[in-house]
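# Structural characterization, general
One-letter residues, chain by chain:
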Amino acid sequence: MKWLCSLGVAVSLALQPALADERTDAHPLTPQARDAFVSKLLQEMTVDEKIGQLRLISVGPDNPKEAIREMIKKGQVGAIFNTVTRPDIRVMQDQAMALSRLKIPLFFAFDVVHGQRTVFPISLGLASSFNLDAVKTVGKVSAYEAADDGLNMTWAPMVDVSRDPRWGRASEGFGEDTYLTAMMGKTMVEAMQGKSPADRYSVMTSVKHFAAYGAVEGGKEYNTVDMSSQRLFNDYMPPYKAALDAGSGGVMIALNSLNGTPAASDPWLLKDLLRGEWGFKGITISDHGAIKELIKHGTAADPEDAVRVAVKSGVDMSMADEYYSKYLPGLIKSGKVTMAELDDAARHVLNVKYDMGLFNDPYSHLGPKESDPADTNAESRLHRKEAREVARESLVLLKNRLDTLPLKKSGTVAVVGPLADSKRDVMGSWSAAGVIDQSVTVLTGIKNAMGESGKVIYAKGANVTDDKGIVDFLNQYEPAVQVDERTPQAMIDEAVNAAKQADVVVAVVGEAQGMAHEASSRTDITIPQSQRNLIAALKATGKPLVLVLMNGRPLALVKEDQQADAMLETWFAGTEGGNAIADVLFGDYNPSGKLPISFPRSVGQIPVYYSHLNTGRPYNADKPNKYTSRYFDEANGPLYPFGYGLSYTTFKVSPVKMSAPSMKRDGKVTASVEVTNTGKREGATVIQMYVQDVTASMSRPVKQLRGFEKIDLKPGETKTITFPIDVNALKFWNQRMKYDAEPGKFNVFIGLDSARVNQGEFELL
């Protein structure tokens with residue numbers, strides 16, 4: 001990727017000279033040098049200074065910058081988040097380096113989940129690319145822009161496996177699959193941290209939310225999680241482990257309880273497993289206000305007890321509450337928290353600061369003052385080319401009846417829908433320092449694509465919702481949803497009039513970004529009624545109808561699937577979303593995205609995911625039987641399965657060929673297929689390989705993703721795709737919690753999605 005080379009030389013900054021303190025001399029970035037340095041530093045620190053290192057302060061109404069600066073002078077702050085400009089960061093670092101007694105540098109963090117200034121598709125969209133190179137691009141650009149703003153750490157990646165689309169934070173993760181999420185999370189960590197988080201344009205990651213936050217009961221935010229050890233370790237833990245094995249320096253602790261114990265008061269989770277078994281050496285950070293919340297969880301009696309429980313459980317850094325500073329001094333004095341426990345937590349904080357290179361140069365991500373951009377939000381700071389390329393790969397073509405797409409650039413296109421011209425919504429949730437006015441809407445993208453060749457007619461058609469309570473909820477913290485005060489009928493009439501004048505209608509519908517966000521769980525996962533009324537009216541015109549979906553979760557789209565001639569899933573596609581969507585609509589880019597999460601037919605089917613266990617009475621759609629595991633009032637199975645996605649061309653996958661009928665434990669077999677582009681234009685697709693353990697000591701999933709490869713084929717071209725399989729692809733945690741592979745027969749499925757597959761088999765000896 002040529003652009004990566006240019007990033008390395010894009011900015012040539014002389015690093016600000018280190019202060020004349022012995023700890024700011026060059027320190028080798030090795031574990032041995034770090035441990036010796038931090039041990040010496042701890043001996044110099046007072047109890048209050050150690051406690052100060054454990055405080056992560058959020059800039060906001062409760063903590064104005066002036067008050068924070070005073071706390072920094074007194075050594076009462078270890079790190080800052082929600083400050084994202086170099087001048088503000090520099091002033092705070094100056095306070096620590098010039099006025100605090102020991103001159104221990106601060107680190108600065110932010111939620112850089114899918115881009116910093118250039119906003120990329122939400123994580124579900126990134127996962128839809130099934131392209132690790134695209135994820136590397138996002139990670140490297142995001143880290144570059146974050147570091148260029150002076151940041152040292154990001155609260156990302158989010159690797160919570162989620163199988164319940166009612167949960168709003170499904171938008172932040174990589175979907176329902178353990179393997180795909182692990183691969184995406186691992187790649188993001190490696191891309192963002194680079195060779196070292198101390199590098200000028202790298203940032204340290206903080207993998208979240210540990211653990212199993214995506215499995216909250218009922219998809220309800222901040223709810224409880226209760227599951228067997230086997231399910232926990234087979235399905236939910238591997239992505240965290242993969243991200244930590246990739247070197248993530250931080251772990252953000254989940255807000256939920258796990259099997260009855262809140263994660264922030266769980267020494268088994270944070271000490272025995274994370275540090276003991278997994279060997280994690282980095283920092284653990286509570287989520288926002290989590291230590292206070294231990295009281296309401298019922299695992300702490302009062303604020304002092306909450307601090308005692310958290311520290312003893314292994315919570316190093318407290319995010320956005322004052323409890324550590326208020327109650328730790330007394331707890332240390334009384335002996336309820338030992339000095340060794342305080343030193344252990346402070347050591348982890350100081351260790352990551354050392355690994356960030358801050359003791360070598362506290363200003364390494366800032367540079368000299370004269371290097372600050374004259375305009376923080378300057379267009380020149382964006383990476384639009386990369387954003388557009390990644391966004392195109394994230395789009396999933398769900399339906400294309402009679403080749404409605406791609407559209408012609410001549411003629412008249414009616415663009416309607418409440419999301420068609422929304423700069424805020426196209427960016428999605430957690431859009432970091434992205435500037436709304438710099439994002440490209442679908443309407444703008446279509447106009448850009450058509451130019452002078454055709455005509456575009458725009459009508460909003462409906463508000464996102466006509467429910468005032470929901471609008472008020474969405475606008476609580478920012479004026480995110482603009483309400484058109486016209487009557488719903490007047491807006492529909494305008495849209496119908498536009499449709500009647502057009503050759504084709506493109507309706508941009510779905511969710512406002514705030515509907516798929518933290519604290520935005522939904523019981524109803526259909527498109528809001530206001531928009532469904534609009535779709536019905538547009539369908540009645542008889543004009544070809546293309547639905548462009550914007551959403552941060554799977555939606556129930558049975559009716560829309562019947563109404564639409566074509567349907568394109570775009571998630572929230574980011575800064576260049578509108579241009580990328582237009583590229584696909586007009587055929588300048590052939591869609592290749594695949595769904596990383598199953599789309600249910602209705603909320604009543606949830607959870608619906610492809611890697612479910614079988615039952616003694618499995619449902620067979622070809623031979624339905626009453627006494628099988630099924631719903632009798634609706635078609636069974638998802639509307640769109642995991643891994644599904646169409647193209648403007650067609651592909652054929654040959655029968656599976658195994659390299660051998662059996663495999664020894666120390667050997668491997670390969671499964672291969674020939675893939676042919678049987679259509680008329682070049683296109684890319686994702687070939688997916690799944691494995692099933694047919695007979696084991698416990699019931700195993702009907703199939704599990706164990707490999708994928710994105711390939712590009714010209715018309716008529718054939719490629720052989722080969723997947724290696726070794727014993728590690730077959731291991732699982734069994735009933736005795738032993739991680740192993742059991743001998744016997746294994747099925748191998750290879751295809752274009754989790755449902756359309758060809759089958760091979762082999763035996764593990």
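Residues numbered from 1 in each chain as written. Predicted model: local features only at pLDDT ≥ 70, side-chain atom pairs only at ≥ 80, totals over all residues. Heavy atoms only, no water.

### Quick look at the layout of surface pockets
Considered as a void within the structure, the largest pocket measures approximately 1,400 Å³ in volume. If you go around the largest pocket, you meet 39 residues; those closest to its centre are H288, W430, Y477, H517 and E518. When residues of the lining of the largest pocket are traced back to their parent elements, those giving at least two are β5 (204-210), α12 (290-297) and α19 (468-474). Residue classes in the lining of the largest pocket are distributed as 17 nonpolar, 12 polar and 10 charged. There is about 1,100 Å³ of room inside the second largest pocket. Lining the second largest pocket are 30 residues; nearest its centre among them are Y609, H612, Y619, G637 and P638. (1 Å grid on protein atoms, 1.4 Å probe; cavity = no way out; pocket = protein on both sides within 12 Å on 5 of 7 lines; lining within 4 Å. Points joined across faces, edges and corners; volume = space filled by probe spheres on them. Helix = DSSP H or I, 4+ residues; strand = E, 2+ residues; numbered from the N terminus. Nonpolar A, V, L, I, M, F, W, Y, C, P; charged D, E, K, R; others polar.)

### Focus: the sheet that holds β5
Pairing in this open sheet of eight strands is parallel, and the strands run β9-β6-β5-β4-β3-β2-β1-β10 from one edge to the other. The open sheet terminates on both sides in strands that have one partner only, identified here as β9 (283-285) and β10 (318-319). As paired strands, strand β1 (residues 55-58) and β10 are joined by two bridges and run parallel to one another. Paired with R55 across the strands is S318, a residue of β10. Of the strands in this sheet, β5 and β6 (250-253) touch helix α10 (residues 238-245), which is tilted by about 165° from β5. (Pairing = 2+ DSSP bridges. Contact = heavy atoms within 4.5 Å. Axes fitted to C-alpha atoms, helices over the stretch in contact; angles between N-to-C directions.)

### Quick word on α12
Every buried residue of α12 is accounted for by A290, I291 and L294. Angularly, the buried residues of α12 cover 100° about the axis, an arc narrow enough to put them on a single face. Those residues of α12 that are buried lie in contact with β8 (261-262), α13 (303-313), β10 and α14 (323-334). Just downstream of α12, G298 is the residue with a positive phi angle, here 95°. (Buried < 20%, exposed > 50% of the residue type's maximum accessible area, 1.4 Å probe, protein only. Arc of directions from axis to C-beta.)

### Here's the deal with the pairing of strand β26 (residues 744-751)
Burial of β26 is extensive: seven of the eight residues sit out of reach of the surface. Note: strand β21 (residues 683-693) against β26, six bridges, orientation antiparallel. Directly across from M689, in β26, lies its bridge partner I750. Note: β26 against strand β27 (residues 757-764), eight bridges, orientation antiparallel.

### Side note on the packing of helix α16 (residues 384-394) against helix α23 (residues 577-585)
Contact pair α16 / α23: the axes reach a minimum separation of 8 Å and the direction vectors enclose 50°. By the angle between their axes, α16 is oblique relative to α23. In the packing of α16 onto α23, the handedness of the crossing is right-handed. Note on element contacts: α23 touches α16 through N579, A580, D583 and V584, opposite R388, A391 and R392. (Parallel < 35°, antiparallel > 145°, perpendicular 65-115°, else oblique. Left-handed = near helix turned anticlockwise from the far one by under 90°.)

### Looking at the side chain of T649
Tracing the backbone shows T649 in the loop between α23 and β17 (651-653). Overall, T649 belongs to the buried group, its relative accessible area being 7%. In terms of polar contacts, T649 uses its side chain to reach the side chain of N677, at 2.6 Å. Side-chain polar atoms of T649 contact the backbone oxygen of R681, separated by 3.3 Å. (Polar contact = N/O pair within 3.5 Å; in protein donor to acceptor, adjacent residues only side chain to side chain.)

### Some thoughts on the packing of aromatic side chains
Considering all chains together, one arrives at 21 aromatic pairs under this definition. When the ring of F233 is compared with that of W268, the centres are 6.2 Å apart and the planes differ by 75°; the resulting orientation is edge-to-face. Linking F233 in helix α9 (residues 229-236) with W268 in helix α11 (residues 267-277), this pair joins segments that are 35 residues apart in sequence. Of the residues examined, F233 reaches a relative accessible area of 11% and is grouped as buried. Given a relative accessible area of 33%, W268 falls into the partly exposed group. Note on W733 and Y739: the rings are 5.1 Å apart at their centroids and 35° apart in plane angle, and the pair reads as tilted. Residue class for Y739 comes out partly exposed when judged on its relative accessible area of 40%. Connected via pairs of aromatic rings, a cluster forms that spans F130, Y179, Y610, F642, Y690 and F708. (Phe/Tyr/Trp six-rings, centres within 6.5 Å; stacked < 30°, edge-to-face > 60°.)

### Things to note about the confidence of the model for the chain
Looking at the chain, the pLDDT average stands at 95 and 97% of residues meet or exceed 70. Below pLDDT 50 for its whole length, residues 1-24 participates in 44 contacts with residues either more than four positions away or in separate chains. (pLDDT = per-residue confidence, 0-100.)

### Overview of the sheet that holds strand β11 (residues 396-400)
An order of β11-β16-β15-β14-β12-β13 is seen for the six strands of this open sheet, with the pairing classed as mixed. One side of each edge strand has no neighbouring strand; the edge strands of this open sheet are β11 and β13 (454-459). With direction set aside, neighbouring strand axes in the sheet form an average angle of 20°.

### Quick look at the packing of helix α2 (residues 31-44) against helix α15 (residues 339-355)
Between α2 and α15, the shortest axis-to-axis distance is 10 Å and the interhelical angle comes to 130°. When the axis of α2 is compared with that of α15, the two are oblique. Once α2 is placed against α15, the crossing between them reads as right-handed. Contacts between α2 and α15 pair A33, R34, D35, F37, V38, S39, L41 and L42 from the former with D343, A346, R347, L350, N351, Y354 and D355 from the latter. In terms of residue class, the contact of α2 with α15 is made up of eight nonpolar, two polar and five charged.

### Points about the UniProt feature "domain: Fibronectin type III-like" (unreviewed entry) in the chain
Under the present numbering, the feature "domain: Fibronectin type III-like" (unreviewed entry) in UniProt falls on residues 685-754. Taken end to end, residues 685-754 is 0% helix and 57% strand, and its two terminal C-alpha atoms sit 14 Å from one another. (UniProt positions renumbered as here; feature names shortened; annotations may be inferred.)

### Things to note about empty space enclosed by the protein
Applying the stated criterion to the full structure yields two cavities of 30 Å³ or more. In this model, the largest cavity occupies a volume close to 70 Å³. If you trace the largest cavity, you find it lined by V691, Q692, D693, R700, P701, Q704, R706, A729, L730, K731 and F746. Only β21 and β22 (704-713) provide two or more residues apiece to the lining of the largest cavity. By residue number, the principal contributor to the lining of the largest cavity is β21, which donates three residues. Each residue belonging to the lining of the largest cavity can be placed in one class, and the counts come to five nonpolar, two polar and four charged. Empty space within the second largest cavity amounts to approximately 30 Å³. Considering each element in turn, the lining of the second largest cavity owes the most residues, four residues, to α12. Of the residues in the lining of the second largest cavity, the class split is seven nonpolar, two polar and one charged.

### Quick word on the environment of T523
As for its placement among the helices and strands, T523 is situated in the loop between β14 (504-510) and α21 (529-540). Accessibility expressed as a relative area gives 67% for T523, which makes it exposed.

### A few points about the pattern of salt bridges
On inspection of all chains with the given rule, the structure shows 47 salt bridges. For R384, the salt bridge identified is with E379, shortest N-O distance 2.4 Å. Overall, the relative accessible area of 41% leaves E379 in the partly exposed class. The salt bridge partner of K385 is E389, with a shortest N-O separation of 2.9 Å. In this pair, K385 and E389 are both assigned in helix α16, four residues apart and thus about one turn of the helix distant. The network of salt bridges with common partners includes R86, R90, R117, D148, D149, R200, D372 and R381. (Salt bridge = Lys/Arg side-chain N within 4 Å of Asp/Glu carboxyl O.)

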